[in-house]
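What the coordinates show
Residues per chain are reported as follows:
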Amino acid sequence: MMRKLTLTLSAAVLAMAGAGTALATHHRGEHNPDGDGAVTLAEMQAHSAEMFSKMDVDGNGVIDEADRAARHAQHFAAADTDGDGELSQSEMEAAHESRMAKRMERREARHEARFARLDTDGSGGISQEELAAGHAARMERHGKTGGEMHGDHHAGSKDGHMGARHSEHGNRGHGPMMMLKRADADGDKAVTRAEFDAAVAAHFAKMDSDGDGTATAAERKAAHEAMKARWKERRESE
């Protein structure tokens, strides 16, 4: 007989997985739907509104413990396919495989969009000139010069060199859970839509260093580096 995992343990595992998925979505910069590397306040607000709606399960305009419990229950119910209140090993594995499949679908969609941007003549293939143009455009979005472009170039990365990491997408302080913590100004462990919107606007203002209403890739990277420096200082002072 297949060993069963307890309800509490399984719910915790699923909750962590669900939070991880949401964080990954945010880190990849999907609040920048036009893919130009720059983020406007409107784009960030649209993304955050969708995020808030998903987390506000009961739709009462407040994200609190009841919503978190409801989301955990939803994740568990989706995985508990036989409805017996426990997750078997096979159900856990199936839930994991489902998450991986959805993640792969999103990744493939992003790759297709990048390819389409590079294939400017619509030939179905990318020429050396198109590859170079895509690389130059990406470096320009990041505020880098020709010399820096040469030093940063790695064959097969995103938008012309598919192995380079986008440091601004690896910021673990920008996920929904962290945003909720920042938004909870009164510390009551409940976040209203007004509090959430205010936190989003404050976060954008920190990134938009020149105040022109657009956070460029270079500004986002600078904000990320500044945050990393603050984290390092805190760790060293502990």
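So, a few notes on the structure that sits alongside this text.

What counts, and at which threshold
- Residues numbered from 1 in each chain as written.
- Predicted model: local features only at pLDDT ≥ 70, side-chain atom pairs only at ≥ 80, totals over all residues.
- Heavy atoms only, no water.
- Helix = DSSP H or I, 4+ residues; strand = E, 2+ residues; numbered from the N terminus.
- Buried < 20%, exposed > 50% of the residue type's maximum accessible area, 1.4 Å probe, protein only.
- Contact = heavy atoms within 4.5 Å.
- Expected span 1.5 Å × (residues − 1).
- Polar contact = N/O pair within 3.5 Å; in protein donor to acceptor, adjacent residues only side chain to side chain.
- Core = buried A, V, L, I, M, F, W, Y, C linked by side-chain atoms within 4.5 Å.
- Salt bridge = Lys/Arg side-chain N within 4 Å of Asp/Glu carboxyl O.
- Phe/Tyr/Trp six-rings, centres within 6.5 Å; stacked < 30°, edge-to-face > 60°.
- Lys NZ or Arg CZ within 6 Å of the ring centre and 35° of its normal.
- Axes fitted to C-alpha atoms, helices over the stretch in contact; angles between N-to-C directions.
- Left-handed = near helix turned anticlockwise from the far one by under 90°.
- Nonpolar A, V, L, I, M, F, W, Y, C, P; charged D, E, K, R; others polar.
- Patch = residues over 30% accessible without salt bridge, like charges linked within 9 Å, V, L, I, M, F, W, Y side chains within 5 Å.
- Areas by Shrake-Rupley, 256 points an atom, 1.4 Å probe, with all protein chains shown as cover.
- Lys, Arg positive; Asp, Glu negative; His and termini not counted.
- Charge placed at Lys NZ, Arg CZ, Asp CG, Glu CD.

For the protein chain, the helix and strand inventory stands at nine helices and six strands. For the protein chain, with 238 residues in total, the buried portion stands at 33%. Contacts spanning at least 24 positions in sequence make up 58% of the contacts within the protein chain whose residues lie at least 6 apart.

Each turn of an α-helix holds 3.6 residues, which means side chains three or four residues apart point in the same direction. Taking 1.5 Å of rise per residue, the 15 residues of helix 3 (residues 65-79) would be expected to cover 21 Å, and the 21 Å separating its terminal C-alpha atoms lies within 8% of that figure. Within the sequence span of helix 3, burial applies to Asp67, Phe76 and Ala79. With a side-chain oxygen lying 3.2 Å from the backbone nitrogen of Ala66, the N-terminal cap of helix 3 falls on Asp64.

Let us look at the nonpolar core. Counting residues in each nonpolar core, the largest one holds 16 residues, and the members touching the most others are Met44, Met55, Leu180, Phe196 and Met207. Ranked by residues supplied to this core, first place goes to helix 8 (residues 193-207) with five residues. Core analysis: the next-biggest nonpolar cluster, separate from the first, contains five residues, Phe76, Ala79, Leu87 and Ala95 among them.

Right, let's talk about the pattern of salt bridges for a bit. Under the definition given, this model contains four salt bridges. Note that Glu50 is salt-bridged to Lys54, the shortest N-O span being 3.5 Å. With Glu50 and Lys54 both in helix 2 (residues 41-55) and four residues apart, this pair spans about one turn of that helix. Note that Glu225 is salt-bridged to Lys228, the shortest N-O span being 3.6 Å. Residue Glu225 and its partner Lys228 are located together in helix 9 (residues 217-237), separated by three residues, close to a single helical turn. For Glu225, a relative accessible area of 33% puts it in the partly exposed group.

All right, on to the packing of aromatic side chains then. If you walk through the whole model with that rule in mind, you get one aromatic pair. Ring centres 5.3 Å apart and planes at 55 degrees place the aromatic pair Phe52 and Phe196 in the tilted group. Taken together, the positions of Phe52 in helix 2 and Phe196 in helix 8 put the pair 144 residues apart, joining distant regions of the chain. For Phe196, a relative accessible area of 0% translates into the label buried. Positioned above the aromatic ring of Phe52 is the side chain of Arg193, whose terminal nitrogen or guanidinium carbon lies 5.6 Å from the ring centre.

This part takes up the packing of helix 2 against helix 8. Closest axis-to-axis distance for the helix 2/helix 8 pair is 10 Å, and the angle between their directions is 145 degrees. Between helix 2 and helix 8 lies a crossing whose hand is right-handed. For the pair formed by helix 2 and helix 8, the contact residues are Leu41, Met44, Ser48, Ala49, Met51, Phe52 and Met55 on the first element and Arg193, Phe196, Val200, Ala201, His203, Phe204 and Met207 on the second. Its residues assigned to classes, the contact of helix 2 with helix 8 comprises 11 nonpolar, two polar and one charged.

Locating Glu91 in the fold gives a position in helix 4 (residues 89-118). For Glu91, a relative accessible area of 6% corresponds to the buried category. At 3.2 Å, the side chain of Glu91 and the side chain of Thr81 are in polar contact.

This brings us to the environment of Met139. Note that Met139 resides in helix 5 (residues 128-141). Sequence-wise, Met139 and Ala218 are 79 residues apart; in three dimensions their C-alpha atoms are separated by 9.7 Å.

This part is about helix 8. An ideal rise of 1.5 Å per residue puts 21 Å on 15 residues; helix 8 measures up with 21 Å between its terminal C-alpha atoms. When helix 8 is considered as a whole, its buried residues turn out to be Glu195, Phe196, Ala199, Val200, His203, Phe204 and Met207.

All right, on to a positive patch on the surface then. Together, Arg182, Lys206, Arg230 and Arg234 give the surface a local cluster of positive charge. Assignment of secondary structure puts Arg234 in helix 9. For Arg234, a relative accessible area of 46% translates into the label partly exposed.

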